[in-house]
Amino acid sequence: MTTTAIAKGLEGVLFTETKLTFINGTEGILTHLGIPIQEWAENSTFEELSLALLSGHLPTTAELEAFDAKLKANRAVPQELLESIKSYPRGINPMQALRTAVSHLGLFDQQSEETTAEARMEISVRLIAQMSTLIAAINRAQQGLEPVTPRTDLTHAGNFLYMLKNEEPTPEQSKLFDIALVLHVDHGMNASTFTAIATASTLSDQYSTAVSAIGALKGPLHGGANEAVMDMLDEIGTPDKAADFITAKLDAKEKIMGVGHRVYKYFDPRSRVLRDYAAHVAEKEGKSHYYQILEVIEKTVIDRLASRGIYPNVDFYSGTVYSDLGIAKEYFTPIFALARISGWCASVNEYERDNRLLRPDAVYSGAVDAHYVKIEDRK
Ligand SMILES: CC(=O)SCCNC(=O)CCNC(=O)[C@H](O)C(C)(C)COP(=O)(O)OP(=O)(O)OC[C@H]1O[C@@H](n2cnc3c(N)ncnc32)[C@H](O)[C@@H]1OP(=O)(O)O
Ligand SMILES: O=C([O-])CC(=O)C(=O)O
């Protein structure tokens, strides 16, 4: 069946069914397994949401404990890989490093070429567990520091912060970071999940799907926007300059990073949760410089763009939360990958249960009835 109507950017195209995530973009609703994102953020953990999406149901205590134990047991990565990470050039984009490291990780996994449902599930657990160790090791290696051995007595979020700083985070820091991870775990058929599924649809392996997805997430129109927001805040400098800066950008028809969404034509509910946490920190510890600038930007953007359905998205406030945790902005997008690996794996595994090769089409608008002209005869 072929249609000649072009859906630019595949907007509104339905290519599969899913039971994992639902989004109502007009009302700003996001649910996983039918449960609102606010409830997941308030009550759950990264580990529980990851397992819920991988298994398709809310886990029992025994199931969650077994999954958590498996994640913990799989945190370490091969020493050769850590040595290789230390040899990466300094100053590289950490997403480049992560893409390379995840690909390299696959070389050590004896199951990496297996594509059965069972193998995909086993590899998913390892990918979820080890992504964290890789990102922390990249962060430290780029500063000339030795990687920190993962601990098995900390949560996924707490252990990541520990490996980053070689210092145990406070329970509040771990909880805040865990909530940020929960908010980023899955989001329907976003560009990186779609990319992962496209790769898996060729019956390629789970490491290849993760590597493709990391590449797709890296761009500033997708996961890379959280870092771009911080670049913008640094460029603005002080809150009093924010309104004029944004107005000038919009007058010049430039995009504001962390704003707008293909699906949400109202507030992204994740941005509201993150804003509330950022506001809470601001109230407790005094308004950070970044938070004050974001407040002005949000107001200016809503005044100018809300009538067109353009509102802050998840990337708008996430950076202030990470920056409050002392994380450098270059690591905001890798942290997005740290959370989204669960969503990628869950979506790929779900799609692979009833796989069909993804292969859309294009309307041909090039030359017709042309003939080959020898190079010496060309004008
Ligand atoms: C985790 C995530 O991936 S969330 C998204 C993260 N990305 C960003 O924050 C980058 C900035 N935002 C954007 O580029 C866009 O909003 C996208 C790509 C995310 C989605 O938007 P789309 O629905 O594809 O809209 P598209 O890019 O086609 O723009 C449609 C119109 O809205 C305007 N618009 C969209 N986003 C913005 C923005 N952030 N700032 C200003 N104008 C915008 C466009 O300029 C365009 O205007 P025009 O019709 O006058 O030419
Ligand atoms: O759904 C999208 O297009 C982008 C997004 O918000 C996400 O991946 O979290």
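Conventions adopted
Just so you know, the residues in each chain are numbered from 1, in the order the chain's sequence is written. Both sets of labels track the order of writing: A upward for chains, 1 upward for ligands. Per-residue local features are limited, in this predicted model, to residues with pLDDT of at least 70; the limit for side-chain atom pairs, both in listing and counting, is 80 or more; totals at the level of whole chains, interfaces and linings are taken over all residues. To get the side-chain values, take all heavy atoms of the structure and skip hydrogens and water. The criterion is simple. A nonpolar core is a set of buried Ala, Val, Leu, Ile, Met, Phe, Trp, Tyr and Cys residues joined through side-chain atoms within 4.5 Å. The buried label goes to any residue with under 20% of its type's maximum accessible area, the exposed label to any with over 50%, and the partly exposed label to all in between, with areas taken from a 1.4 Å probe on protein chains only. Residue ranges assigned to each domain were obtained from an automatic or database domain assignment. Numbering goes from the N terminus for both helices and strands, where a helix is a DSSP run of H or I of at least four residues and a strand is a run of E of at least two. Take the residue count of a helix, subtract one, and multiply by 1.5 Å to get its expected span. The contact criterion used is simple: two residues touch if any of their non-hydrogen atoms lie within 4.5 Å. Pairs of N or O atoms are called polar contacts if they sit within 3.5 Å, as long as, within protein, a hydrogen donor faces a hydrogen acceptor (for residues adjacent in sequence, only side-chain-to-side-chain pairs). Two parts placed together each lose some accessible area; with a 1.4 Å probe, that loss summed over both constitutes the buried area. One side-chain nitrogen of Lys or Arg within 4 Å of one carboxyl oxygen of Asp or Glu is enough to make a salt bridge. By the convention adopted, Pro, Cys, Tyr, Trp, Phe, Met, Ile, Leu, Val and Ala count as nonpolar, Lys, Arg, Asp and Glu as charged, and the other residues, Gly among them, as polar.

**Brief notes about the nonpolar core**
Counting residues in each nonpolar core, the largest one holds 108 residues, and the members touching the most others are Leu 98, Val 102, Phe 177, Ile 297 and Ile 327. When residues of this core are sorted by domain, at least three fall in each of domain 1 (17-222 + 329-352) and domain 2 (225-324).

**A look at helix α10 (residues 206-217)**
Between its first and last C-alpha atoms α10 spans 16 Å; for twelve residues at 1.5 Å apiece the expected length is 16 Å, and the two agree. Considered for burial, the residues of α10 that qualify are Gln 206, Tyr 207, Thr 209, Ala 210, Val 211, Ala 213, Ile 214 and Leu 217. Next to the buried residues of α10 lie α5 (94-107), α6 (117-142), α9 (191-200) and α16 (332-352). A distance of 3.0 Å separates the backbone nitrogen of Tyr 207 from a side-chain oxygen at the start of α10, and that oxygen is part of Asp 205.

**As for the domain arrangement of the protein**
Taken domain by domain, the protein comprises domain 1 (17-222 + 329-352) and domain 2 (225-324). Contacts between the two partners involve 29 residues from domain 1 and, on the opposite side, 27 residues from domain 2. Taken over both partners, the interface formed by domain 1 and domain 2 buries close to 2,300 Å², and the fraction arising from carbon and sulfur atoms is 67%. At the junction of domain 1 with domain 2, the criterion picks out two salt bridges. There are nine residue pairs in polar contact (both at pLDDT 80 or more) connecting domain 1 and domain 2. With six residues, the single largest contributor to the side of domain 1 that touches domain 2 is helix α8 (residues 171-184). For the side of domain 1 that touches domain 2, a count of residues per class yields 15 nonpolar, ten polar and four charged.

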